[in-house]
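So the chains spell out like this:
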Amino acid sequence: MRLASFAALLLLASSAPAAPPPWQRTETRAPCAGFDLLRNPYFGDLHIHTRFSADAYIFGTRVAPRDAYSFARGGTIPFSDDDEQQTRSAHIDRPLDFAAVTDHSEFFGEVRLCETPDSSVYTSQQCQILRQAEPPDQQFPATVQWLYPAGIPNPAHHLMCNDPGVDCTAAMVSVWQDIQSAAEEAYDRTASCSFTSFLGYEYTASPLGRHLHRNVIFRNEHVPPTVSSFIETAAGGTPQGFWSAIEATCLHAGTGCDAVVIPHNSNLSGGDQFRDPADAAEALRRQTIEPLVEIHQIKGNSECRFDRLARAGAGTADELCTFEQLDVAQEGPAGVPLPIDQYPLRNMVRNALKDGLALEDQLGVNPFRFGFVGSTDNHDGAAGSVAESGWAGGQGNNDSSPVRQIRDNLRTNPGGLAVAWAEENSRDALFSALARRETYATSGTRPVVRFFGGRLARVACGSPALVHDAYASGVPMGGELGAVRGQRSPLFAVWAAKDPGTDDAPGTDLQRVQIVKGWVDALGTTHERVFDVAGDAANGADVDPATCAPRGAGAHELCAVWQDPTFSSRERAFYYARVLENPTCRWSTRVCRAAGVDPFAPDCAAQATAAGAAFAGCCQGPGNDAFLDPLVQERAWTSPIWYRPDGIARVRAKVQYGARPGTDRLALQLALARIPKDMDPAHLDLTLSVRDDDDILAVTIPAGTLVPMGQKRFELATPLGPLARATLLLGKHGARLSVATAPMDLTAADRSEHMVTVSLASGTYRASSTRLWVVRQGRLVPGGA
Amino acid sequence: VTDRVLRAPLLHFLVLGAVLLGLRVRWDAGRAGGERPRIVIDAGDLGRLREAWAEEHGSPPGPAAEERLVREAVDEEILFREAVARGFDRSDAAVRERLVRLAGFVGEETSRDRDVLERDARRLGLERGDLVVRRHLVGMMRLAAEWLGPDDRPSGDRLEAYLAAHAADFAEPARVRLTQVYLSGDVHGGALEADARRLLDALSRGPTPPEEAVSRGDAFIRGATFDATRAELERTFGAQLAAGVEAAPAGRWVGPLRSGYGLHLVWVHGREPGRTPPLAEVRGRVAQAWLRERREQREREAMDEMRSRYLVAVEAH
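Residues numbered from 1 in each chain as written. Chains lettered and ligands numbered in written order. Predicted model: local features only at pLDDT ≥ 70, side-chain atom pairs only at ≥ 80, totals over all residues. Heavy atoms only, no water.

What follows deals with the overall build of chain B. Regarding its fold elements, chain B presents 17 helices and six strands. A total of 317 residues make up chain B; the buried ones form 45% of that total. In chain B, of all internal contacts separated by at least 6 residues, the share reaching a separation of at least 24 is 74%. Working note: accessible area of chain B is about 16600 Å², and carbon and sulfur atoms make up 50% of it. (Helix = DSSP H or I, 4+ residues; strand = E, 2+ residues; numbered from the N terminus. Buried < 20%, exposed > 50% of the residue type's maximum accessible area, 1.4 Å probe, protein only. Contact = heavy atoms within 4.5 Å. Areas by Shrake-Rupley, 256 points an atom, 1.4 Å probe, with all protein chains shown as cover.)

Here we come to the overall build of chain A. Looking only at helices and strands, one finds 16 helices and 40 strands in chain A. In terms of overall dimensions, chain A is globule-like: its C-alpha atoms have a radius of gyration of 26 Å, near the 28 Å expected for 785 residues. In terms of principal-axis extent, the alpha carbons of chain A reach across some 85 × 65 × 50 Å. Evaluated residue by residue, chain A yields a buried proportion of 65% over its 785 residues. Once local pairs closer than 6 in sequence are excluded, the contacts in chain A between residues at least 24 apart make up 72%. For chain A, the exposed area adds up to about 25800 Å²; of that, 53% sits on carbon and sulfur atoms. (Rg over C-alpha atoms; globule rule 2.2 N^0.38 Å.)

Turning our eyes to something else, we now look at unusual backbone geometry. Cis geometry is adopted by the peptide bond preceding A:Pro239, which originates at A:Thr238 and carries an omega value of 5°. The omega torsion across B:Gly206 and B:Pro207 is -10°, close enough to zero to call that bond cis. Take B:Pro207: it is sitting in the loop between α13 (192-204) and α14 (210-213). Phi is positive for A:Glu84, which is not a glycine, with a value near 65°. Positionally, A:Glu84 belongs in the loop between β2 (77-79) and β3 (88-90).

All right, on to the sheet that holds strand β10 (residues 300-301) of chain A then. Residues and elements named next belong to chain A. Spatially, β10-β9-β13 is the arrangement adopted by the three strands of the open sheet, whose pairing is mixed. Each edge of the sheet is formed by a strand with only one pairing partner; in this case those strands are β10 and β13 (371-374). Relative to β13, strand β9 (residues 292-297) runs parallel, the two sharing four bridges. Counterpart to Val 293 in the pairing with β13 is Phe 372. (Pairing = 2+ DSSP bridges.)

The next subject is a nonpolar patch on the surface. Residues and elements named next belong to chain A. Nonpolar side chains collect at one region of the surface, where Phe 140, Val 144, Tyr 148 and Ile 152 lie side by side and expose about 390 Å² of accessible area between them. Inspection of the secondary structure puts Tyr 148 in the loop between α6 (136-147) and α7 (168-186). On the basis of relative accessible area, Tyr 148 is assigned to the partly exposed category, the value being 44%. (Patch = residues over 30% accessible without salt bridge, like charges linked within 9 Å, V, L, I, M, F, W, Y side chains within 5 Å. Salt bridge = Lys/Arg side-chain N within 4 Å of Asp/Glu carboxyl O.)

The next subject is the interface of chain A and chain B. With 58 residues of chain A at the contact, the number on the chain B side is 47 residues. Buried area between chain A and chain B, summed over both chains or domains, comes out near 4700 Å², and the portion from carbon and sulfur atoms is 53%. Viewed at the interface, chain B and chain A are joined by three salt bridges. One salt bridge connects A:Glu185 with B:Arg292, and the closest N-O pair in it is separated by 2.6 Å. At the boundary of chain A and chain B, one finds eleven residue pairs in polar contact (both at pLDDT 80 or more). Only β1 (40-48), α5 (125-131), α7, β16 (448-454) and β19 (491-497) of chain A provide two or more residues apiece to the side of chain A that touches chain B. Sort the elements by how many residues they give to the side of chain A that touches chain B and α7(A) lands first, with nine residues. For the side of chain A that touches chain B, the residue count by class is 22 nonpolar, 18 polar and 18 charged. (Buried area = accessible area lost by both parts, 1.4 Å probe. Polar contact = N/O pair within 3.5 Å; in protein donor to acceptor, adjacent residues only side chain to side chain. Nonpolar A, V, L, I, M, F, W, Y, C, P; charged D, E, K, R; others polar.)

Another point: the pairing of β9(A). All names here are of chain A. Of all six residues in β9, six are buried, a share of seventy percent or more. The pairing of β9 with β10 spans two bridges and is classified as antiparallel. By the bridge assignment, Gln 297 is partnered in β10 with Gly 300.

A:Tyr201, A:Phe218, A:Tyr440, A:Phe451, A:Tyr575 and B:Val245 are the most contacted members of the largest nonpolar core, which has 119 residues in total. Not counting chain neighbours up to four residues away, the residues in contact with A:Tyr575 comprise A:Phe451, A:Phe492, A:Ile515, A:Val516, A:Lys517, A:Trp562, A:Asp564, A:Phe567, A:Ser639, A:Pro640, A:Ile641 and A:Tyr643. With 37 residues, the next largest nonpolar core counts A:Val651, A:Val690, A:Phe714 and A:Leu737 among its residues. (Core = buried A, V, L, I, M, F, W, Y, C linked by side-chain atoms within 4.5 Å.)

Across all of its chains, the model carries 81 salt bridges over all chains by this definition. The closest approach of N and O atoms between A:Asp272 and A:Arg210, which form a salt bridge, is 3.3 Å. Residue A:Asp272 is located in the loop between β8 (259-263) and α10 (280-289), and its partner A:Arg210 is located in the loop between β6 (200-203) and β7 (214-218); the two are separated by 62 residues in the primary sequence. The class for A:Arg210 is partly exposed, based on a relative accessible area of 28%. B:Asp75 is paired through a salt bridge with B:Arg307; the nearest N and O atoms lie 2.7 Å apart. Remark: B:Arg307 occurs in helix α17 (residues 279-307) and B:Asp75 occurs in helix α4 (residues 63-85); sequence separation between them is 232 residues.

It is worth spelling out α7(A) at this point. Residue and element names in this part refer to chain A. The end-to-end C-alpha distance of α7, which contains 19 residues, comes to 27 Å, matching closely the 27 Å that a straight helix rising 1.5 Å per residue would cover. A large share of α7 lies buried, amounting to 17 of its 19 residues. Regarding α7, its N-cap is Asp 167, as a side-chain oxygen of that residue lies 3.2 Å from the backbone nitrogen of Thr 169 further along. (Expected span 1.5 Å × (residues − 1).)

On to the packing of helix α3 (residues 43-57) of chain B against α4(B), then. A pair of packed helices can be characterised by two numbers: the angle between their axes and the separation between those axes. All names here are of chain B. Two elements in contact, α3 and α4, have axes whose closest approach is 10 Å; the angle formed by their N-to-C orientations is 120°. Judged by the twist between their axes, the crossing of α3 over α4 is right-handed. On α4, the residues touching Leu 46, Leu 49, Arg 50 and Trp 53 of α3 are Ala 65, Glu 66, Arg 68, Leu 69, Val 70 and Ala 73. Here the contact of α3 with α4 is built from residues that sort into seven nonpolar, no polar and three charged. (Axes fitted to C-alpha atoms, helices over the stretch in contact; angles between N-to-C directions. Left-handed = near helix turned anticlockwise from the far one by under 90°.)

Next up on the list: the packing of aromatic side chains. The full count for this structure, using the stated rule, is 29 aromatic pairs over all chains. Seen from their ring centres, B:Phe220 and B:Tyr261 are 5.5 Å apart, and the 70° between their planes marks the pair as edge-to-face. On the criterion of sequence distance, the pair formed by B:Phe220 in the loop between α14 and β3 (225-229) and B:Tyr261 in the loop between β4 (253-258) and β5 (262-272) is long-range, its members being 41 residues apart. A residue is classified by how much of its surface remains accessible, and B:Phe220, at 7% relative accessible area, is buried. Residue B:Tyr261 is classed as buried on the basis of its relative accessible area of 2%. Connected via pairs of aromatic rings, a cluster forms that spans A:Trp176, A:Tyr201, A:Tyr203, A:Phe218, A:Phe230 and A:Phe242. Residue placement shows A:Arg450 over the ring face of A:Trp421; its charged tip is 3.8 Å from the ring centre. Its guanidinium or amino end placed over the ring of B:Phe80, B:Arg134 lies 4.7 Å from that ring's centre, counting from NZ or CZ. (Phe/Tyr/Trp six-rings, centres within 6.5 Å; stacked < 30°, edge-to-face > 60°. Lys NZ or Arg CZ within 6 Å of the ring centre and 35° of its normal.)

Residues and elements named next belong to chain A. With respect to topology, four strands assemble into an open sheet ordered β17-β16-β19-β24, the strand pairing being antiparallel. Of all strands in the sheet, those bounded by a partner on one side alone are β17 (474-476) and β24 (557-563). Averaged over all neighbouring strand pairs, the angle between strand axes comes to 15°, with direction disregarded. Looking at chain direction, β16 and β17 are connected through three bridges and run antiparallel. Bridge pairing links Gly 454 to Gly 474 in β17.

The next subject is empty space enclosed by the protein. Gaps between atoms show up when a probe of the same size as a water molecule is rolled over them. Residue and element names in this part refer to chain A. What the rule picks out here adds up to five cavities of 30 Å³ or more. For the second largest cavity, the calculated volume is near 80 Å³. Lining the second largest cavity are Leu 410, Arg 586, Ser 588, Thr 589, Cys 592, Pro 599, Gly 617, Cys 618, Gln 620, Leu 628, Asp 629 and Pro 630. (1 Å grid on protein atoms, 1.4 Å probe; cavity = no way out; pocket = protein on both sides within 12 Å on 5 of 7 lines; lining within 4 Å. Points joined across faces, edges and corners; volume = space filled by probe spheres on them.)

Residues and elements named next belong to chain B. Between α4 and helix α9 (residues 131-145), whose axes approach to 8 Å, the crossing angle comes to 85°. In terms of axis orientation, α4 runs roughly perpendicular to α9. Only Arg 134, Arg 135, Leu 137, Val 138, Met 141 and Arg 142 of α9 make contact with α4, whose side of the interface consists of Glu 76, Glu 77, Leu 79, Phe 80, Glu 82, Ala 83 and Val 84. (Parallel < 35°, antiparallel > 145°, perpendicular 65-115°, else oblique.)

Time to look at the state of the cysteines. Residues and elements named next belong to chain A. Applying the stated criterion across every chain yields a total of nine disulfides over all chains. One disulfide bridge connects Cys 250 with Cys 257, the sulfur atoms lying 2.0 Å from each other. Handedness of the Cys 250-Cys 257 disulfide follows from its S-S torsion of about -95°: it is left-handed. Per residue, the accessibility class of Cys 250 equals that of Cys 257, and both read buried. Here Cys 592 engages in a disulfide with Cys 618; their sulfurs sit 1.9 Å apart. Taking the sign of the S-S torsion, about -90° here, the bridge from Cys 592 to Cys 618 comes out left-handed. Note that Cys 592 is positioned in helix α15 (residues 587-594) and Cys 618 in the loop between α16 (604-611) and β27 (631-632), a separation of 26 residues in sequence. Owing to a relative accessible area of 4%, Cys 618 belongs among the buried residues under this scheme. (Disulfide = S-S within 2.5 Å.)

As structure tokens, then:
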């Protein structure tokens, strides 16, 4: 850690943590008292709308970002009722650790002008449509009239923006500034670290009703001065124009700005959310900008899809994929239920992940290397309002009463949460977890899930050092592995603990843990398989149909160290853990029963008739519906760990600290079991970096600088920058890169146990190996060695 | 430090907002004295207000809503007159552009001279009659009313005073540092309670120091040591354990405390009492809150001052 970069903090820091985190502190704030090198799970919601979203405003939502952050921290906020009056209110069952308000950026300016009585367009018809309380059958046309520009090829702002004296851009900026003020006011910069607000917004491209929606989440307060929406960026491609805007205004702007983009609702994308990239460069761009995908939210689950009536799935035979599915595959005119054999495969993330492996075999880069988060997408400011019991709905007056919930929104659900494994609850720490994909998604509950892969020396369930040892000789969820055990399968450790719940609503026991594997064979065909690795699918637990109380027991905790019996060291694969709770009553079951209709009753249909036509849906279930179930099996999905035959199989390294300043040395050897497509020292630069919170070593060996010494061996002819020696062997058994520095200043490499990342880049090839490095005999070395 | 706050991007909000709207406005109190001008809301005005309300809400306004509508209409008229009195209608580019365009529509001459067109529009009274111009001027005046001047800097003294007055909003909760020895309900089953008591007795003899004691229990997924607030302990272990820790003396083994997972023996190393953080640690949040309140206060004061200079008559009541 360099003291210069830390100077600003010394004012605030009473005691800095002993070990540095693997990220730079970019903010003026106190380090957190709860800092933990081996990381804590933080629960959040990265997808929330307030009245600045035109559709939320139409749904009667009047709360602002400030209210959404207040809700996330435990405050009570008002909700719209059926008549768009703010007569309802609610608070969260337990506060969140972090949240991001992500309003639709497309119409920030128009909404601001329409809600400001002094604006010259206030009384226009377009503005009245936004503000008025319409009957339910008028709600959809009103929404379309406002949102249609997001669904056409050449989108433009609403006509009001062309009136003289009307400045929609200035109004848009003023909304963005309001959002920034609200986030700042909610962000705890003290050592308590009780809450983190993120700045962000939603890009809402919906060509012909196909959702290509994404949220952008910024690392810190160094955000672009204005927002980029589908309207401003459509000319550059969808979503390429948006990526360009984020690159230009943030990632490449040199302002300290950093961001991740998170696509969501691929289940409504008509197969278009994960299109093939044009080339390897675009694949790499996507992998870099979009490290995560939101796979669960109120408008359905996007992991995988199985139709229980047809007894067939969309690229899967996994029967647990009936979970919280919408019936349609997109919105707009083509948004009609499709038979499962016509359902677009890439609407589902698991299929995109599998295809990503095949694309990596072809292009050398995997465009679909997504970690997972869940969130709500609530349109009422209710960040993290995910409880199935007493759910207030999530979309203003669309689902503000039992009738509207059951009649109009039976297939929506209370949404999920995003969980980040981070050292502390600060923006830098959480953002870095998002960027490295060390996240998991839940369907709303809060189980704690660890997942590691690698050599995993000494890692055993029940060992108090499990987590430490796993970080030393493996990678956590979201990471990548080369052939770490030669021809043998890497080991995978998964450890889950049930949601502790609250006094009023104790968490549900766990039923089982699964590992989902996807892979591509030598012919380019993709496969998947689901393994039960812990727990018991037949534990007999269910609910008491008379009360919805859980019956029978499951596990408080489940743990397994597993290896893949189908492993082939030549086949690209991903592995993610899915943790299943025992069944509980779905939200709709609770609403139906309160209305006098019991989904479990043999005479459910008669009860529904008595309760009114709106409640007919209460009797949909496994017997007569492809997806709906009066029971819900809440679950968590960890980000995958990817096995890459051409990934980094082994890192041997040591930092030797000299007796005098400037006499430290680093020696490092990297082994790859397969030579990557883009490794060609004669024609491509080779970049090697070793990094903790600082760059310990960052060196690019220009193409042609490594001189061939025989057929397989390349060497530096003369020292290059910090490198005294560098040798690259390209042979039958893969690639090996060995470097050694001249005596130099390596004080950036902290002399304490901490995470270090070694990265290699060549052409479009990228690989990295992050491990806990430890101090042995005065030297800093990878811990798993 | 004040300089740093003023350089912080968020605090430019007001100034920047005004600049982006193309406004160079500031608040000056008008001159008192002379006869107070009258503002009359007559039956026709009231009818129009009710109609507009009904169109938007589907039903006529109730008494409370009607009172608010009238108050807003009066305020709007005051703001409009004050804007004209300050010459905003002559200095603002957007207003002039609008007048030129309107004159182009209604004028008989097809003059290209913008000054002539603007003069024509004013002769026709369009700067008073056109809704767009009117609302723009009202908006400018509102911004002027909430304008924060050089006397409204969020200085250290002011923020200190604000923090002191709103200490509860910024308070840092107490923290506790502890080590726990965990006995898993899954592992110990029916013997859980007895095993926990036996282990507590064993650890208490001596007593066993916390770092040695951890391996005597089961591995816990969140680790053995915590530096946490009571709320964080509640979210991790449940209310029962959090309450037990709150009552636990430091420097000895206490328990067993129950969670949703099993039983826990706890050693409290120390506590950090709750406190109001110094301003330096919460400056951004305090400044945001201070500016928001100051803006609301400025607008209230300015509106009250303006209202005091008019006589208002609602003739339809």
